[in-house]
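# An overview of the molecular structure
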Protein chains: 2
Amino acid sequence: MMAEIEIEEAKKEDFDEIVRFQMGLADYHKRINPEYFKSGREREEQIKKWLRKFFLKKRNNRKILIAKANGKAVGFFMGSIHKAHPYCKEEKIGEISVAFIDEKFRRRGIGKMLFEEMIKWFKKRKIKLVEVIVASKNNIGISAWEKYGFREIKKTMKLNL
Amino acid sequence: MMAEIEIEEAKKEDFDEIVRFQMGLADYHKRINPEYFKSGREREEQIKKWLRKFFLKKRNNRKILIAKANGKAVGFFMGSIHKAHPYCKEEKIGEISVAFIDEKFRRRGIGKMLFEEMIKWFKKRKIKLVEVIVASKNNIGISAWEKYGFREIKKTMKLNL
């Protein structure tokens, strides 16, 4: 039997669950690129600090959506609006900063529900361009974003000193 | 006869020259990707605003280097230091935000002089990781950064609404 899925705006009470998801995401990133990423355990403090700051942004510049199955968090999307690079054709862009669905709840359209809700918000805020940054080795992420219509536009290149 | 090249920290008097270079860079970006970038003329105000803000950053978080040939600006590098993404293994990263050498002065090692001066500053500031963001269609840029040892680590993907 399918659990009933509800999409809601994250509240303070959801903070710990989102941290837990993000720690899982950090672990996944470390697995695919241990030279560049650290584990959730190693980055717990930074994740909490970053998330706290995100929660505190002005409400018309950020959105944190959470999906719940029978009241239990099973995924979330975080989006924000900020000034674009000066050469960019848009003044403001929407950014999807993190997106995650609990492995056991994938392939049920929960990501799509969250994504559509986020896009609805961007459109209401008159956003015409949405960007997402993905680790180049994160094939799961890249193909998920491609399915939603995203295409590569920029690369971040790094050099270790 | 080779002009004598000097690398110096940009001063307020260099502002207009840097704007001019950046407008040329915006034009180049529009040429390679007119769907995403606007021309220097179209983005003059945004470029000036962004550059003014960059000049005003704290001196230990930003560096603007300019190369002069017989006193005339022929290229520049802009670098800054900021907090890394929470999953990243480093707390702080150095970013090279813009780099440009006047076409007539390329292939003379001026870029390398600017780059090495920038890296020296990053090292003095204890930076272990430097990143640069490049348009995916900017092959000249990508191969220049590769020559310096940079490797792709992330992609930015975009969706037009």
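Residue numbers here run from 1 along each chain, matching the order of that chain's written sequence. The order in which chains are written sets their letters, starting at A; the order in which ligands are written sets their numbers, starting at 1. For a predicted model such as this one, the threshold for reporting local features is a pLDDT of at least 70, and the threshold for listing and counting side-chain atom pairs is 80 or more; totals across whole chains, interfaces and linings nevertheless cover every residue.

## A closer look at the relation of the copies chain A and chain B
Our working rule: Least squares is used to superpose the copies, and the fit set is the C-alpha atoms of residues whose pLDDT is at least 70 in both copies. The contact criterion used is a C-beta to C-beta distance within 7 Å, with each C-beta placed from the backbone.
Note on the identical chains: chain A maps onto chain B by a rotation of 180 degrees and an axial translation of 0.0 Å, with an RMSD of 0.0 Å. Classification of the inter-copy transformation places it as that of a two-fold axis. Using C-alpha coordinates, one finds that chain A approaches the rotation axis most closely at Lys155 of chain A, a distance of 2.2 Å. Taken as a fraction of all interface residues of chain A, those also at the interface in chain B reach 100%, which identifies the copy contact as same-surface.

## Let's talk about the interface of chain A and chain B
Just so we agree on the cut-off: Runs of H or I in DSSP of at least four residues are treated as helices and runs of E of at least two as strands, each being numbered from the N terminus. In this count, Pro and Cys sit with the nonpolar residues alongside Ala, Val, Leu, Ile, Met, Phe, Trp and Tyr, while Asp, Glu, Lys and Arg are called charged and the others, Gly among them, polar. The rule for pairing is simple: two strands pair if DSSP sees at least two bridges between them.
Across the contact, 42 residues belong to chain A and 42 residues belong to chain B. Per element, the largest residue contribution to the side of chain A that touches chain B is 10 residues, and it comes from strand β6 (residues 151–160) of chain A. Looking at side-chain class alone, the side of chain A that touches chain B contains 25 nonpolar, 6 polar and 11 charged residues. Bridge count for strand β5 (residues 129–135) of chain A against strand β6 (residues 151–160) of chain B is 7 bridges, and the pairing is antiparallel. Within β6 of chain B, the residue paired with Val132 of chain A across the bridge is Met157 of chain B.

## Things to note about helix α2 (residues 40–56) of chain B
Residues and elements named next belong to chain B. Counted only if it meets this: Note that bend, as reported per residue, equals the angle between axes fitted to the 7 residues terminating at that residue and the 7 residues originating from it. Each residue is classified by how many other C-beta atoms fall within 10 Å of its C-beta atom, where C-beta atoms are placed from the backbone; a count of 20 or more means buried, 12 or fewer means exposed, and values in between mean partly exposed.
The sharpest bend along α2 reaches about 35 degrees and sits at Gln46. When α2 is considered as a whole, its buried residues turn out to be Gly40, Arg43 and Ile47. Turning to α2, the residues buried within the fold contact α1 (15–32).

## Some thoughts on the packing of α1 of chain B against α2 of chain B
Helices that pack against each other are described as a pair by the angle of their axes relative to one another and the distance between those axes. Residue and element names in this part refer to chain B. Selection criterion: Under this scheme, a helix contributes an axis fitted over its contacting stretch, all axes are lines through C-alpha atoms, and angles between N-to-C directions fall in the 0 to 180 degree range. Angle categories are assigned with fixed cut-offs, so that under 35 degrees is roughly parallel, over 145 is roughly antiparallel, 65 to 115 is roughly perpendicular, and the rest are oblique. A crossing counts as left-handed when the near helix is turned anticlockwise from the far one by less than a right angle, and as right-handed when that turn is clockwise.
Two numbers describe how α1 lies on α2: the axes approach to 9 Å, and their chain directions differ by 135 degrees. Here α1 is positioned oblique relative to α2, judged by the angle of their axes. When the axes of α1 and α2 are compared, the crossing they make is right-handed. From α1, Phe15, Ile18, Val19, Gln22, Met23, Gly24, Ala26 and Asp27 reach across to α2, where they touch Gly40, Arg43, Glu44, Ile47, Lys48 and Leu51. The residue inventory of the contact of α1 with α2, partitioned by class, reads 7 nonpolar, 3 polar and 4 charged.

Geometric descriptors of this kind do not, in isolation, establish any biological role.
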